[in-house]
Amino acid sequence: MSINPLPPAKPPTGIGKLPVARWFVFTGAVTTVAFLAGAAVIMKMMADVRDLTPKPEVAEQIGMLNVALWVLFLVLLAAGVGLGFIVHFAVLKPIAQLTDQVRTVAAGDFDHRLGVERPAELAELSSHLDSMRRRILTAWRTAADQADELRRSNSELEQFAYVASHDLQEPLRKVASFTQMLEQRYGDRLDDRAKQYIYYAVDGAKRMQLLINDLLDFSRVGRVTSGRTAVKTRPALDAALENLSAAIEDAEATVTADELPQVMGNRIQLTQLFQNLVENAVKFRSELPPRVHISATRSGEMWEFSCSDNGIGVAPKYADRIFLIFQRLHPRDVYPGTGIGLALCRKIVEYHGGRLWLDGDGESQGTTFRWTLPAAGDDRD
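Residues numbered from 1 in each chain as written. Predicted model: local features only at pLDDT ≥ 70, side-chain atom pairs only at ≥ 80, totals over all residues. Heavy atoms only, no water.

J.: For this particular structure, what's the right way to read the sheet that holds strand β6 (residues 356-359)?
T.: Paired through backbone hydrogen bonds, the strands of a sheet run either parallel or antiparallel to each other. Pairing within the open sheet is mixed, and its five strands lie in the order β2-β4-β5-β7-β6. Lying at the two open borders of the sheet, with one neighbouring strand each, are β2 (254-257) and β6. Averaged over all neighbouring strand pairs, the angle between strand axes comes to 20°, with direction disregarded. In terms of strand pairing, β2 meets strand β4 (residues 291-299) through four bridges, oriented parallel. If you follow Ala257 over to β4, its bridge partner there is Ile294. Where helix α8 (residues 267-283) meets the sheet, its contacts fall on β2, β4, β5 (302-309) and β7 (368-374), and the angle it forms with β7 comes to roughly 175°. Against the sheet, helix α9 (residues 341-351) contacts β6 and β7, and its axis sits at roughly 125° relative to β6. (Pairing = 2+ DSSP bridges. Helix = DSSP H or I, 4+ residues; strand = E, 2+ residues; numbered from the N terminus. Axes fitted to C-alpha atoms, helices over the stretch in contact; angles between N-to-C directions. Contact = heavy atoms within 4.5 Å.)

Structural data, given as structure tokens:
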């Protein structure tokens, strides 16, 4: 099986640019020159000694020394040649073979086997490399199978989303509309209990529609939205406040914000993030008129945002639970909603590469949510 090739290897620098073979050739050449120079000096010295006409016994010893030097020279020459062959066949050639095999694998043929038989160190190294290649290939094939299964699952999820957004909501709309028509036409013939039943039916249908829409929004994050670009967060906040204008006016809420930065993100999702957090701050208010403040500070490569309010607050023991889907801390008849808002906010933030958490110790009044978003380059405006 062939897959995309690996990127080219990093080129060597400095003296590492020279191959091992050239280092051996250079070292052998220097050693040979030094040896020959030494042999030439010794032979000249022997010739000079003969010119001095030494005694016969001295001349005999000099002759024997000369023979021993020639034998030593031949032995060293044979050892050098043998060492050269050993280095070539036992070191350089196996290294070249292993290098060619690695290049083949790096070119994309991940099924190509790695292995050399000599020397023992290179054989062990090639065995480890081949074992690592097999494990990586097995993991890659497993991941590829899982990716195919995930694509099929996403396709089925998109099909379900289409059904949920069209086929499931149509019956709910009919239930709500016809139940309301029933009350309008026959209201004078119904007692209070029957009207209460009609109210429950209409309310249940509407809550089901809201729940389906929230689930669709939750499932769409990161799948059917456009990519991330440089987004100014102040216009996103303004759009969210415009969507919540009626709720803000009814609650006599005040929403303020510092100068907000530009981040890398999706405009629609950031608007939804601000809208959910501000809506929560207005919904879970105390007896005082709601006051909401949004700010941002630079933290390395990220911007850290905060949304603070003077509402009823959240106990620290629920700091993680509130971000779970369908988890509610209050009865539905006290604070309406589906229990998906904060889970959706966390999913949006994590899709952008940041994190969302509850700040504060729960002792002071109000709630502060903090989240991080990636900065748009070096722009701090």
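Moving on from the model shown.
J.: Is there a simple way to explain the pairing of β7 in this structure?
T.: Residues in a regular strand point their side chains to alternate faces of the sheet. Counting buried positions over the seven residues of β7 gives six, a clear majority of the element. Bridge count for β5 against β7 is seven bridges, and the pairing is antiparallel. Each residue of the ladder has a partner; that of Trp303, found in β7, is Leu373. Two elements, β6 and β7, share four bridges in a ladder whose sense is antiparallel. (Buried < 20%, exposed > 50% of the residue type's maximum accessible area, 1.4 Å probe, protein only.)

J.: Explanation requested: the packing of helix α6 (residues 233-243) against α8 in the structure shown.
T.: A pair of packed helices is captured by two measures, namely the crossing angle of their axes and the spacing between those axes. Orientation of α6 relative to α8, taken along the N-to-C sense of each, is 55°, at an axis distance of 8 Å. Put simply, α6 runs oblique to α8. As α6 packs across α8, the resulting crossing turns out to be right-handed. Here Thr233, Pro235, Ala236, Leu237, Ala239, Ala240, Leu241 and Asn243 of α6 lie close against α8, whose contacting residues are Arg267, Leu270, Thr271, Phe274, Gln275 and Val278. Split into classes, the residues belonging to the contact of α6 with α8 amount to nine nonpolar, four polar and one charged. (Parallel < 35°, antiparallel > 145°, perpendicular 65-115°, else oblique. Left-handed = near helix turned anticlockwise from the far one by under 90°. Nonpolar A, V, L, I, M, F, W, Y, C, P; charged D, E, K, R; others polar.)

J.: Which parts of the structure should I look at to understand the environment of Asn266?
T.: Along the chain, the position of Asn266 falls in the loop between β3 (262-265) and α8. Given the relative accessible area of 2%, Asn266 is considered buried. Taking the C-alpha atoms as reference, Asn266 lies 8.3 Å from Ala230; in sequence the two are 36 residues apart. For Asn266, the side chain forms a polar contact with the main-chain nitrogen of Ile268, separated by 3.1 Å. (Polar contact = N/O pair within 3.5 Å; in protein donor to acceptor, adjacent residues only side chain to side chain.)

J.: How do you make sense of the layout of surface pockets when you look at a structure like this?
T.: One water molecule sets the probe size; rolling that probe over the atoms shows where empty space is left. When its volume is computed, the second largest pocket comes out at roughly 530 Å³. Lining the second largest pocket we find 18 residues, and of these Gly28, Thr31, Thr32, Gly80 and Val81 sit closest to its centre. Among the elements of the structure, α1 (20-51) and α2 (56-106) are those that each provide at least two residues to the lining of the second largest pocket. Its residues assigned to classes, the lining of the second largest pocket shows twelve nonpolar, six polar and no charged. (1 Å grid on protein atoms, 1.4 Å probe; cavity = no way out; pocket = protein on both sides within 12 Å on 5 of 7 lines; lining within 4 Å. Points joined across faces, edges and corners; volume = space filled by probe spheres on them.)

J.: Can you help me understand the pattern of salt bridges in this one?
T.: Close approach of charged atoms lets side chains of opposite charge pair. Overall, the coordinates contain nine salt bridges when judged by the stated rule. Between Arg133 and Asp130 there is a salt bridge whose closest N-O contact spans 2.9 Å. Of the two residues, Arg133 and Asp130 are both situated in helix α3 (residues 120-165); the distance of three residues between them amounts to about one turn of the helix. Accessibility expressed as a relative area gives 4% for Asp130, which makes it buried. Linked through salt bridges whose partners overlap, the residues forming this network are Asp130, Arg133 and Arg134. (Salt bridge = Lys/Arg side-chain N within 4 Å of Asp/Glu carboxyl O.)

J.: Just to check I follow, could you spell out a nonpolar patch on the surface for this structure?
T.: A cluster of nonpolar residues, Leu74, Leu77, Val81, Phe85 and Phe89, forms a patch on the protein surface that exposes about 480 Å² of accessible area. Among the secondary structure elements, Val81 is positioned in helix α2. (Patch = residues over 30% accessible without salt bridge, like charges linked within 9 Å, V, L, I, M, F, W, Y side chains within 5 Å. Areas by Shrake-Rupley, 256 points an atom, 1.4 Å probe, with all protein chains shown as cover.)

None of this, on its own, says anything about what the molecule does.
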